[in-house]
Amino acid sequence: MMASWKVIVPVDQRPKKKMNNIDIDNLFSVTLRDSGQVALIDGDSKKIVTVLKTGFAVHISRISKSGRYLYTTGRDGLINLIDLWMETPATVASIRTGSDARSIETSKFKGFEDKLAIAGTYWPPAYVLMDGPTLKPLKIMSTRGYTYDEQEYHAEPRVASIVASHIKPEFVVNVKETGKVLLVDYSDIKNLKTTEIEAERFLHDGGWDASKRYFMVAANMRNTVSVVDTKEGKLAANVKVGIKPHPGRGTNWVDVKYGPVWATGHLGDERIAEIGTDPKRHPKQAWTVVRWLKNHGSGSLFLKTNPHSSNLWSDAPLNPDLATRQSVSVFDLKHPDKPAQVINIAKLAGIDNARVAHPEYNAKGDEVWLSVWGPKDKESAIVVMDDKTRKVKAVIKDPRLVTPTGKFNVHNTQYDVY
């Protein structure tokens, strides 16, 4: 790990103030999956600011608490630290924490802003605590251990999603095969304290409820969403949902009948599950599926709404039917019994053989960006939809946009708005 660690621009040689005119708050980090790059796109002008070499198939982009630093991790375990204050944003440090990885996050609790980063790896089975501004590895923690249910030793339990608590100096680390959620207290990493929570096996993606107290994570092979109360440090519930839930971060809104909810789509069926998330004011609805919405097909990876919107956008890029995987469902959350409007985004972009994935809002919450994910040697695009009218606002095409998938708006990622 140390042999792979590079500090390209030392901290004392980096800008002391922002050196560009980019509205960083509305900047998008776009994964160019098969080229091993990310494109930084200005959300206002819709122009590519720069394209940066990263790890292969970047799984996620994360923003430091201050909004200055962008962290990416590729499936090959390569992490890039990008300084958004530079005249042209560029990688200032990198490290390879393993050979297979999915997760990166930074410390967000008051007093620890931008100080630490954490990465999880599929191989080796571990997570790594690093110095935030340089990526210098500070501590490696193995996740090998016993499954929570059958108490069988597992030598290769992979680290899936990681999020940072807003209410404690803790990282929430999800371990797939053992079915455990680890609350890692980073306030003193020399004397590391970890709360181990038995949740459910095969933990994958997840995100916060609107209060940012409860972490909702999909145990996809058990058709379950586990709810972790990070304030109390214990499991709040295991909620049975549909077949193979895949929420990404999930999304939050206030249901017209049932109050605050968090939702997930599914790989294995066409339903969207709304789970009640307010045990104080809506105790009967808390940690139960209060409503099912019908997506336009199975194979959904991501769904998204915004506090400024009454729409819910859901994709289905892994559906075997071409028209289905090219399209999105758009629900009117003020009228949840009304069928969704199905929009073929790929046709709007003028691209045929493609998948449409990952709706992401801009900082204002009035635009939805969607990836038209074509083959590596064919054209791809990003379609920007007006959230209110559900009409095309822009189509971004560029030869450098090779297989765009995930798009991460700086504001929404920095503040966990989803």
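Everything discussed here concerns the structure shown above.
Predicted model, so just to flag it, every value in this text is computed and none were measured.

Cut-offs and rules
- Residues numbered from 1 in each chain as written.
- Predicted model: local features only at pLDDT ≥ 70, side-chain atom pairs only at ≥ 80, totals over all residues.
- Heavy atoms only, no water.
- Helix = DSSP H or I, 4+ residues; strand = E, 2+ residues; numbered from the N terminus.
- Buried < 20%, exposed > 50% of the residue type's maximum accessible area, 1.4 Å probe, protein only.
- Polar contact = N/O pair within 3.5 Å; in protein donor to acceptor, adjacent residues only side chain to side chain.
- Contact = heavy atoms within 4.5 Å.
- Pairing = 2+ DSSP bridges.
- Phe/Tyr/Trp six-rings, centres within 6.5 Å; stacked < 30°, edge-to-face > 60°.

Engineer: How do you make sense of the side chain of N306 when you look at a structure like this?
Structural biologist: Relative to the elements of secondary structure, N306 occurs in the loop between β27 (303-304) and β28 (311-314). Its relative accessible area of 4% is what places N306 among the buried residues. Only 2.9 Å separates the side chain of N306 from the backbone nitrogen of H308, close enough to count as a polar contact. Apart from residues no more than four positions distant in its own chain, N306 is found in contact with Y361, N362, G365, N412 and V417.

Engineer: Could you clarify how one ought to interpret the sheet that holds strand β5 (residues 60-63) in this entry?
Structural biologist: Neighbouring strands of a sheet are bound in pairs by backbone hydrogen bonds; such pairs are parallel or else antiparallel. Spatial strand order, β1-β8-β7-β6-β5: five strands in an open sheet with antiparallel pairing. Looking along the sheet, the strands with just one partner apiece sit at the ends: β1 (6-7) and β5. Of the strand pairs in this sheet, strand β7 (residues 78-83) and strand β8 (residues 90-96) are connected by six bridges, and their pairing is antiparallel. Note that in β8 the partner of I82 across the bridge is T91.

Engineer: What exactly am I supposed to notice about the pairing of strand β35 (residues 404-409) here?
Structural biologist: Both faces of the sheet carry side chains from a regular strand, because those side chains alternate between them. A large share of β35 lies buried, amounting to six of its six residues. Here four bridges tie strand β2 (residues 27-32) to β35, and the two strands are oriented antiparallel to one another. Across the sheet, F28 pairs through a bridge with N409, a residue of β35.

Engineer: Mind showing me how you'd approach the sheet that holds strand β29 (residues 327-332) here?
Structural biologist: Within the open sheet, the four strands sit side by side as β27-β28-β29-β30. Their pairing is antiparallel. Edge positions in the sheet fall to β27 and β30 (341-344), since each has one partner strand and no second. Where β28 lies against β29, four bridges are found, and the strand directions are antiparallel. When the bridges of β29 are listed, L312 appears paired with F331.

Engineer: Explain the packing of aromatic side chains here, please?
Structural biologist: Tallying each qualifying case throughout the model produces six aromatic pairs. Relative to Y153, the ring of Y146 has its centre 5.3 Å away and its plane inclined at 65°; by these criteria the two rings are edge-to-face. On the basis of relative accessible area, Y146 is assigned to the partly exposed category, the value being 45%. Measuring from ring centre to ring centre gives 4.6 Å for F171 and Y186, while their planes differ by 40°; the resulting arrangement is tilted. Residue F171 is located in strand β16 (residues 170-175), and its partner Y186 is located in the loop between β17 (180-185) and β18 (193-198); the two are separated by 15 residues in the primary sequence.

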